[in-house]
Amino acid sequence: MQSFKSQESPVTEKSYTRADWQGGYQSLTQEFDYWIDDIEGQIPRELQGTLFRNGPGLLDVNGQPLHHPFDGDGMISKITFTSGRAHFRNRFVHTTGYLAEQKAGKILYRGAFGTQKAGGWLANIFDFKLKNIANTNVIYWGGKLLALWEGGEAYRLDPYTLKTLGNEYFNGVLSADEAFAAHPRLKNNCEQDGGAPCLVNFSIKPGLSTTITIFELNSAGKIVRHHAHSVPGFCFIHDFVITPNYCIFFQNPVSFNPIPFALGIRAAVECIKFQPNQPTQILIIPRFPKKGQEKIKILETQSGFVFHHINAFEVGDEVLIDSICYQSFPEVEPESDFRQVDFEALSPGQLWRFYLNLKNGTVRRELIDGRCCEFANIHPANVGRPYRYLYIGAAHAETGNAPLQALLKIDLESGERQFWSAAPRGFVGEPIFVPRPDSEKEDDGWVLALVYDATHNRSDVVILDASDFHKGVIARLHLKHHIPYGLHGSFTSKVFVKI
Ligand code: CO
């Protein structure tokens, strides 16, 4: 257990080695199904439900390396907690691309992040067919388990077996070429629907001008609101936030030159250039556009790059948004090897609060925490509402850019921080907060995260008491294998295991 006290002396040595960090980027080809029996501490008996995680399971296709982990085929991991026990299962999403490439034993598709088919530019020229890899998030909503990737349709899976059941078009409301983004906001108490749960998501059709479509689903999984908006300019948007009245997007200051992509020389993401002298545009779209009031409001703030937001809420004429902001976009270079990334050369993601004044159109921002951080989570009841606590993956050291090795809890009201670190040989993924059943306090519950342990080349599921990180982990579940570094996931109180 590390605390902030140990950070007071200057950090002269790195808290990790590159070789240890690289260990979490090996493919996992095997699919497992077992009760976890190697456990330190005790799984709380009240912790009932299923943690789903998604991320690239393959970093190569039959030995042919991918250029970037974001191009890796989606693999779902599922950890089911019941009566003080835990069960593990993982399975690849059987997307059209995954099945075709596994059959062929080679890369057949270009990846958005730089993976090219063999054969140089001649094999890749004018090939705009990107593979839907379903690797970014996994949610359980309306009785359906869905694997998500922002460029394409959702894939539906069996929540018990993780078997792929096919694409999900929500009773034909979405068409085959319409994307369902990977960052839906799930609200269990939608103010405008009399307190009923709703899911809000979007799709982006990029181009010289961009179309943003908003979808809202009820708890039965039916699309109940669906509206499209045109935005000037190219948008590279991965995430958004909602409040009771608005959907808010940060249009990062980037330009896109499609020519090298069309010619097969560069991947789509490699054609994106950060524009440090241009402002970030903040797009405010009404969730319930009335006739004649469909107009998008656009505000501006300083240049910066945001992949992920944490939460937003309305206070009087202001909307407050908490986001992880980078000084610039970490551009993907065609010749680079992601395993050799120079962490110190990149700007860290930092936690900022943006104050949008809707009345006078001004935006101010304030740094909440300068420590390198990514992947945050909050109490699910506070989505789009004022909140006090957030949980986030963080670097071990207070300054500089480094891999995530720690979990940080921030009390936004008092400013108190609680910190738990897996350094030097542990590397953490996204924390998920699970409320204790019938709890009243906002931080009464647990924080669950996967930690890659380089010492044993395997991953652990760690459980922390969310109200007190200083206790250290209350249970550490050793898996029999590693799980490649993942992206996002979610928790449902449903228990999906046959006992
Ligand atoms: Co994301």
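Remember, it's a predicted structure, so these values are computed and weren't measured experimentally.

Enquirer: Tell me about the overall build of the protein chain, and name the residues and values.
Expert: A tally of regular secondary structure across the protein chain gives four helices and 35 strands. Its C-alpha atoms give the protein chain a radius of gyration of 22 Å, near enough to 23 Å, the size a compact globule of 499 residues would have. For the protein chain, the spread of C-alpha atoms along the three principal axes comes to 60 × 55 × 50 Å. Sequence separation of 24 or more characterises 62% of the internal contacts of the protein chain that already satisfy a separation of 6 or more. When the accessible area of the protein chain is evaluated, it comes to approximately 20400 Å², of which 50% is carbon and sulfur surface. Put simply, the protein chain has 49 plus and 54 minus side-chain charges, and the middle of one group is 5 Å from the middle of the other.

Enquirer: Describe the pairing of strand β10 (residues 154-157), naming the residues involved and giving the relevant values.
Expert: For strand β9 (residues 144-148) and β10, the ladder comprises three bridges, and the chain directions are antiparallel. Looking across to β10, one finds that A147 is bridged to Y155. Joining the antiparallel neighbours β9 and β10 is a turn of five residues. As paired elements, β10 and strand β11 (residues 164-168) share four bridges and run antiparallel to each other.

Enquirer: Tell me what's going on with the pairing of strand β23 (residues 318-326), and back it up with residues and numbers.
Expert: In terms of residue burial, β23 counts as a mostly covered element, since eight of its nine residues are buried. One ladder, built from eight bridges, connects strand β22 (residues 305-315) with β23; its direction is antiparallel. By the bridge assignment for β23, E314 is matched with V319. Adjacent in sequence and paired antiparallel, β22 and β23 are bridged by two residues, among which G316 carries a positive phi angle near 60 degrees.

Enquirer: Go over the coordination of the cobalt ion with me, naming the residues and quoting the values.
Expert: For the cobalt ion, the full set of protein donor atoms is H183 (NE2), H238 (NE2), H308 (NE2) and H488 (NE2), at a range of 2.0 to 2.1 Å. Its four donor atoms give the cobalt ion angles of 90 to 159 degrees at the centre, a pattern that matches the irregular case.

Enquirer: Tell me about unusual backbone geometry, and name the residues and values.
Expert: Cis peptide bonds are those with omega within 30 degrees of zero, and the linkage from A423 to P424 qualifies with 5 degrees. Structurally, P424 can be placed in the loop between β29 (417-421) and β30 (426-428). Its identity as a non-glycine residue notwithstanding, N457 has a phi of 45 degrees, on the positive side. Structurally, N457 can be placed in the loop between β32 (445-453) and β33 (458-465). Judged by its relative accessible area of 35%, N457 falls in the partly exposed class.

Enquirer: Could you give me a rundown of the nonpolar core, with the residues and numbers involved?
Expert: Of all hydrophobic cores here, the largest spans 49 residues; its most connected members are I212, F249 and I310. Non-local contacts of I212, meaning those with residues more than four positions away in its chain, are made with F202, S203, I204, H227, A228, H229, V231, I237, F249, L283 and I285. Judged by nonpolar contacts, the second largest core, of 26 residues, contains Y34, V434, V461 and L477.

Enquirer: Outline the packing of aromatic side chains, listing residues and values.
Expert: Evaluation of the coordinates by the stated rule reveals 25 aromatic pairs. With 5.1 Å between their ring centres and 85 degrees between their planes, F250 and F354 make a pair best called edge-to-face. Of this pair, F250 sits in strand β17 (residues 246-251) while F354 is found in strand β24 (residues 350-357), placing the two residues 104 residues apart along the sequence. The same class applies to F250 as to F354, namely buried. Ring geometry for F307 versus Y326: centroids 5.9 Å apart, planes at 85 degrees, classification edge-to-face. Pair noted here: F307 is in strand β22 and Y326 is in strand β23, with a separation of 19 residues, a long-range link. Here the two residues F307 and Y326 agree in accessibility, since each one is buried.

Enquirer: Run through the sheet that holds strand β35 (residues 489-492), naming residues and quoting values.
Expert: Strand order across the open sheet formed by five strands is β1-β7-β6-β3-β35, with antiparallel pairing between neighbours. Every interior strand has two partners, whereas the edge strands, β1 (33-35) and β35, have only one. Direction aside, the axes of adjacent strands within the sheet are offset by 15 degrees on average. Across three bridges, β1 lies against strand β7 (residues 85-92) in antiparallel orientation. Bridge pairing links W35 to H87 in β7.

Enquirer: Tell me about the side chain of H308, residues and numbers included.
Expert: The residue H308 is located in strand β22 in this model. A polar atom in the side chain of H308 sits 3.3 Å from the side chain of H183. Not counting chain neighbours up to four residues away, the residues in contact with H308 comprise H183, H238, D239, S323, I324, E374, F375 and H488.

Enquirer: Account for the environment of G207, with residues named and values stated.
Expert: In this structure, G207 sits in the loop between β13 (196-205) and β14 (209-218). Residue G207 is classed as partly exposed on the basis of its relative accessible area of 28%. Remark: the alpha-carbon pair of G207 and V363, spanning 156 residues in sequence, is separated by 27 Å. Once residues within four sequence positions are removed from consideration, G207 is found in contact with G233 and F234.

Parameters at a glance
- Residues numbered from 1 in each chain as written.
- Predicted model: local features only at pLDDT ≥ 70, side-chain atom pairs only at ≥ 80, totals over all residues.
- Heavy atoms only, no water.
- Helix = DSSP H or I, 4+ residues; strand = E, 2+ residues; numbered from the N terminus.
- Rg over C-alpha atoms; globule rule 2.2 N^0.38 Å.
- Contact = heavy atoms within 4.5 Å.
- Areas by Shrake-Rupley, 256 points an atom, 1.4 Å probe, with all protein chains shown as cover.
- Lys, Arg positive; Asp, Glu negative; His and termini not counted.
- Charge placed at Lys NZ, Arg CZ, Asp CG, Glu CD.
- Pairing = 2+ DSSP bridges.
- Buried < 20%, exposed > 50% of the residue type's maximum accessible area, 1.4 Å probe, protein only.
- Donors = N, O, S within 2.8 Å, 3.2 Å for Na, K, Ca; no water.
- Tetrahedral: all angles 85-135°; square planar, octahedral: opposite > 155°, others 65-115°.
- Core = buried A, V, L, I, M, F, W, Y, C linked by side-chain atoms within 4.5 Å.
- Phe/Tyr/Trp six-rings, centres within 6.5 Å; stacked < 30°, edge-to-face > 60°.
- Axes fitted to C-alpha atoms, helices over the stretch in contact; angles between N-to-C directions.
- Polar contact = N/O pair within 3.5 Å; in protein donor to acceptor, adjacent residues only side chain to side chain.

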